[in-house]
Amino acid sequence: MKKIYFGLLATAAFCVVALFTACSSDSKEEPITDNMAGDFKIINASRGNIELENGSVELYKGDVLKIQFSSKYKKTFNTDYSVLVGKDRIAIENNEFVVNKGDETYTFTLNASFDEGDTHLSASKTITVQQKYKVTVPYVLYITEDLKDLVKVNVDFSNEAGKTFPMEELPGYTFETHEDVYTYEDEGFTYYTFNKPEAESYPVHAGPLTAKTVPMLVLDIPYYRFNIDTEIILTYQQKAEVEDHDYNIGREFQRKKASIVSPTEGANDKDWKYTLPVFTGEKMTSKQTRDYIAKIVKEKDVIKLRIDGDGNVTARN
């Protein structure tokens, strides 16, 4: 009986060892190689979590884009995200990127990987989107050459974030001149116009003026974000002494019609109306010129606009 008993114990022990070995063998993961181990999404958190796909244009400067990776495996993946903006490649940290430029294409390169032993899991994706929508406002300062020689023009402007920047940081500005500038007199005032028929309806003197007569400070300011208030301020500093002779003095600050690229059909510049470009200059004595400059250095030429959520432009006080 004892021999049979011990035989049964040995058999049972063998079965337990065999079962344990089989269980251990079953619990060990098989090596896996999968190059499509998950998928990526880029969502625009500033636009109601809209998912961006190749070719998407519904984004604006300042929008926050968030990258999401969904894995097919319960593994902790290493991720590597970057974006090519123009010629600059930018590493993306914390799965988040803020749209930092306008009129630009953004190419996102997204990679995720898991390597452990003989298991190699990875996924990759490239998504290209474009910042397209903007409102561009041309601001123009007409100023006589005499006044331009006597004062320095300073510009402060606000951008999409509401911050104010000096003239040196403007996106672009030029002092432009026009060959086809005509002058006429009416009721003792001298007017400048770029419209020849209008000039010819009055007694024209000196014919087309030289390019230096009416230089224009042209500021084409693009706004790459909607639903904002904008402001541009011109101030003046005297930079030269007024001498004892007459001067042709005058200035006029205005804006031209805004150019609008918007997803909203029919968005437009609601306040601007076409008027013939007429600029008033006035002959002043040296004393009158000094008084004029003393006055304008204490003043500001200001244009304030509202760009609504659709891209419509209106003036504001």
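Residues numbered from 1 in each chain as written. Predicted model: local features only at pLDDT ≥ 70, side-chain atom pairs only at ≥ 80, totals over all residues. Heavy atoms only, no water.

Some details on the environment of Asp-308
Then, in step 1: For Asp-308, the location among the structural elements is in the loop between β22 (301-307) and β23 (313-315).
Then, in step 2: Under the relative-accessibility criterion, Asp-308 is labelled partly exposed at 25%.
Then, in step 3: Taking C-alpha positions, Asp-308 is 6.5 Å from Ile-228, a pair spaced 80 residues apart along the chain.
Then, in step 4: Excluding its chain neighbours within four sequence positions, the residues that come into contact with Asp-308 are Phe-226 and Asn-227.
Then, in step 5: Separated by 2.9 Å, the side chain of Asp-308 and the backbone nitrogen of Asp-310 make a polar contact. (Helix = DSSP H or I, 4+ residues; strand = E, 2+ residues; numbered from the N terminus. Buried < 20%, exposed > 50% of the residue type's maximum accessible area, 1.4 Å probe, protein only. Contact = heavy atoms within 4.5 Å. Polar contact = N/O pair within 3.5 Å; in protein donor to acceptor, adjacent residues only side chain to side chain.)

Looking at the sheet that holds strand β3 (residues 50-52)
Then, in step 1: An order of β3-β2-β4-β7 is seen for the 4 strands of this open sheet, with the pairing classed as antiparallel. Edge positions in the sheet fall to β3 and β7 (96-98), since each of these pairs with one other strand and no more. Across this sheet, the average inter-strand angle for adjacent strands is 35°, counted without regard to direction.
Then, in step 2: Relative to β3, strand β2 (residues 38-44) runs antiparallel, the two being bridged by 3 bridges. Its bridge partner lying in β3, Ile-42 is registered against Leu-52. (Pairing = 2+ DSSP bridges. Axes fitted to C-alpha atoms, helices over the stretch in contact; angles between N-to-C directions.)

Concerning the confidence of the model for the protein
Then, in step 1: On average, residues of the protein score 82 in pLDDT, and 71% of them are at 70 or above.
Then, in step 2: Predicted confidence is poor over residues 1-27, with pLDDT under 50, and the contacts of this stretch with residues over four places away or in other chains come to 0 contacts.
Then, in step 3: Scored below 50 in pLDDT, residues 204-213 makes 24 contacts in the model with residues more than four places away or belonging to other chains. (pLDDT = per-residue confidence, 0-100.)

What about the side chain of Gln-131?
Then, in step 1: Inspection of the secondary structure puts Gln-131 in strand β9 (residues 119-131).
Then, in step 2: A polar side-chain atom of Gln-131 sits 3.4 Å from the main-chain carbonyl oxygen of Leu-59.
Then, in step 3: Aside from chain neighbours lying at most four places away, what touches Gln-131 is Leu-59, Tyr-60, Lys-61, Val-99, Lys-101, Gly-102, Asp-103, Glu-104, Tyr-106 and Tyr-224.

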